[in-house]
Amino acid sequence: MPLLTKLGICELAVGVLSGWAMVAMIEAPEALKRHGVRQLGRIRQAHLDLLMQGTILIAVGAAVASVPTWIGVLLVLGAYIAPLTLGALAFRPEMQKESMAYRGLNTTVLVGFTVGWVALAITVLSG
């Protein structure tokens, strides 16, 4: 089984586990707020992103015979880090506008993710 597929399955497992935070968001939102969650909607956003990105990694691993390592690294980093940064915003939403570290990390991840996807498209189309 290709590594991208394995990593996608692992990300789906994290996404499924994050479903418990979704349950808490509906059943016990005050408990989440007591634990520091300030934007409940970010939990849903991170949960869905984990599930989607995991599914996409599985599809790429299954569909593309040989993904160059550097492209795979960019795809995996983006697929894992982007949803987690959304989760961080549930606790500290002001980071999106006020934190240079957050903005720098987010921009770097998204640029790398974009480069990885464009490079994968070029690789697939030229193969």
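Use the structure listed above.
Fair warning: this is a prediction, and the values are worked out from it, not measured in the lab.

## Overview of the overall build of the protein chain
- Each helix and strand counted, the protein chain has six helices and zero strands in total.
- Secondary structure elements of the protein chain, listed N to C terminal, follow the sequence α-α-α-α-α-α.
- The principal-axis extent of the C-alpha atoms belonging to the protein chain is close to 55 × 30 × 15 Å.
- A buried classification covers 35% of the 127 residues belonging to the protein chain.
- In the protein chain, once contacts between residues fewer than 6 apart in sequence are set aside, the share between residues at least 24 apart is 74%.
- As displayed, the protein chain offers around 7,500 Å² of accessible surface, 71% of which is attributable to carbon and sulfur atoms.
- Each charge class in the protein chain can be summarised by its mean position, and for the 9 positive and 6 negative side chains these summaries are 3 Å apart.

## A few points about the pattern of salt bridges
- For the coordinates displayed, the defined rule picks out three salt bridges.
- The salt bridge involving Arg92 is made with Glu94; its shortest N-O contact spans 3.0 Å.
- One continuous salt-bridge network, built from bridges that share partners, spans Arg38, Arg92 and Glu94.

What counts as what
Residues numbered from 1 in each chain as written. Predicted model: local features only at pLDDT ≥ 70, side-chain atom pairs only at ≥ 80, totals over all residues. Heavy atoms only, no water. Helix = DSSP H or I, 4+ residues; strand = E, 2+ residues; numbered from the N terminus. Buried < 20%, exposed > 50% of the residue type's maximum accessible area, 1.4 Å probe, protein only. Contact = heavy atoms within 4.5 Å. Areas by Shrake-Rupley, 256 points an atom, 1.4 Å probe, with all protein chains shown as cover. Lys, Arg positive; Asp, Glu negative; His and termini not counted. Charge placed at Lys NZ, Arg CZ, Asp CG, Glu CD. Salt bridge = Lys/Arg side-chain N within 4 Å of Asp/Glu carboxyl O.

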